[in-house]
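# Inside the fold
The chain contents come next:
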Amino acid sequence: INTEFTDYAPLACPYLAKLKNEEGAIITDKYKAVMAIKALNELMSNRYNLLRDAQTENIKHYNKLVAQGILKAEDGHKHMPYYVVAIVDYADLTLTVDQDFEMGIARLAQLSRAVGIHVIMSTYMLDSNVQTGIIKANFPGRIVSSAYQEFRSHLVIDASGAEYLLDTNDYLANFGDGLKRLTSYGIDTMYDVRLIIKNILTKLEHEYEQTYLPEVEEVTFISKIRHADNSLEPSIKD
């Protein structure tokens with residue numbers, strides 16, 4: 001959910017899921033971001049219903065039964081692909097959408113792993129109004145780059161240390177089992193990413209069907225869209 005992902009648009013089929021009746025898979029509009037989170041919550045609920053009917057505890061067990069032919073297509077069962085939901089600059093969304101939007105994301109992060117939906121979220125703003133208690137509780141694995149101030153390091157990883165990191169490719173991570181120092185290779189987004197995408201596309205052997213998220217008619221967990229100046233627009237539901 002951000003313009004920074006536009007380079008990945010050529011991978012829409014078969015690797016990216018789209019909203020129904022939308023041309024692009026990369027979401028840059030706040031209204032469509034709201035609809036995408038709603039659709040993903042719907043997908044999660046549908047998958048939990050399938051796991052309940054199949055009497056399985058998670059996606060791994062479910063897919064194994066599908067592969068073995070124990071769960072059959074005529075009964076509504078089929079292989080579940082994994083989804084990764086990537087949100088760039090969550091703070092920008094919190095400035096423009098209602099607080100209930102946070103609950104939709106938190107619900108996904110809390111419950112969706114068992115059904116193969118994983119949420120990765122980033123923000124450039126290290127602030128308690130963005131990284132609230134609800135968000136921190138539902139994102140137990142957190143990574144921070146240079147934080148400049150000790151309290152901002154505590155805000156993200158519940159420990160000091162990020163204020164001593166070297167640059168944007170230097171990180172501290174807390175996955176619940178202590179701090180880990182991570183260093184990444186810097187990728188040139190103008191060259192490396194496009195080269196990787198081109199290489200992936202050359203290896204696709206045949207045409208694939210586009211994947212779509214469940215169709216949703218209205219947003220039930222957003223009441224108002226709020227601008228940074230606190231003015232209000234009519235809700236999507238209205």
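Refer to the structure printed above.
Residues numbered from 1 in each chain as written. Predicted model: local features only at pLDDT ≥ 70, side-chain atom pairs only at ≥ 80, totals over all residues. Heavy atoms only, no water.

## A look at the side chain of Glu102
Inspection of the secondary structure puts Glu102 in helix 5 (residues 100-111). We classify Glu102 as buried; its relative accessible area is 8%. Reaching out from Glu102, the side chain makes a polar contact with the side chain of Thr132 at a distance of 2.5 Å. Each residue touching Glu102, except ones within four places of it in the same chain, is listed here: Tyr90, Val130, Thr132, Ile134 and Ile135. (Helix = DSSP H or I, 4+ residues; strand = E, 2+ residues; numbered from the N terminus. Buried < 20%, exposed > 50% of the residue type's maximum accessible area, 1.4 Å probe, protein only. Polar contact = N/O pair within 3.5 Å; in protein donor to acceptor, adjacent residues only side chain to side chain. Contact = heavy atoms within 4.5 Å.)

## Some words on the layout of surface pockets
By volume, the largest pocket amounts to about 1,900 Å³. Lining the largest pocket are 49 residues, and of these Ile120, Met121, Ser122, Thr123 and Tyr171 sit closest to its centre. Listed by contribution, the elements that provide at least two residues to the lining of the largest pocket are strand 2 (83-87), helix 5, strand 3 (117-121), helix 6 (133-138) and strand 4 (142-144). Residue contributions to the lining of the largest pocket peak at five residues, all from strand 3. When the residues that make up the lining of the largest pocket are grouped by side-chain class, the tally is 29 nonpolar, 14 polar and six charged. Size it by volume and the second largest pocket reaches roughly 760 Å³. (1 Å grid on protein atoms, 1.4 Å probe; cavity = no way out; pocket = protein on both sides within 12 Å on 5 of 7 lines; lining within 4 Å. Points joined across faces, edges and corners; volume = space filled by probe spheres on them. Nonpolar A, V, L, I, M, F, W, Y, C, P; charged D, E, K, R; others polar.)

## A few points about the pairing of strand 2
One face of the sheet, then the other: side chains in a regular strand alternate in exactly this way. Burial along strand 2 is one-sided: the face carrying Tyr83, Val85 and Ile87 is buried and the face carrying Val84 and Ala86 is not. The pairing of strand 2 with strand 3 spans five bridges and is parallel. Its bridge partner lying in strand 3, Ile87 is registered against Met121. (Pairing = 2+ DSSP bridges.)

## Topic: the environment of Ile197
You can see Ile197 is positioned in helix 8 (residues 192-202). In this structure, the C-alpha to C-alpha distance between Ile197 and Tyr8, residues 189 residues apart in sequence, is 7.1 Å. Those residues in contact with Ile197 that lie beyond four places of it in its chain are Asp7, Tyr8, Pro10 and Leu11.

## Considering the pattern of salt bridges
Inspection of the entire model under this criterion finds seven salt bridges. A salt bridge links Asp158 to Lys136, with the shortest nitrogen-to-oxygen separation between them at 2.9 Å. One end of the pair, Asp158, is in the loop between helix 7 (150-157) and strand 5 (170-174); the other, Lys136, is in helix 6, and 22 residues separate them in sequence. Between Arg181 and Asp170 there is a salt bridge, with the nearest N and O atoms lying 2.7 Å from each other. Of the two residues, Arg181 sits in strand 6 (residues 179-183) while Asp170 sits in strand 5, which places them 11 residues apart along the sequence. In this structure Asp170 comes out as buried when scored by relative accessible area, which is 3%. (Salt bridge = Lys/Arg side-chain N within 4 Å of Asp/Glu carboxyl O.)

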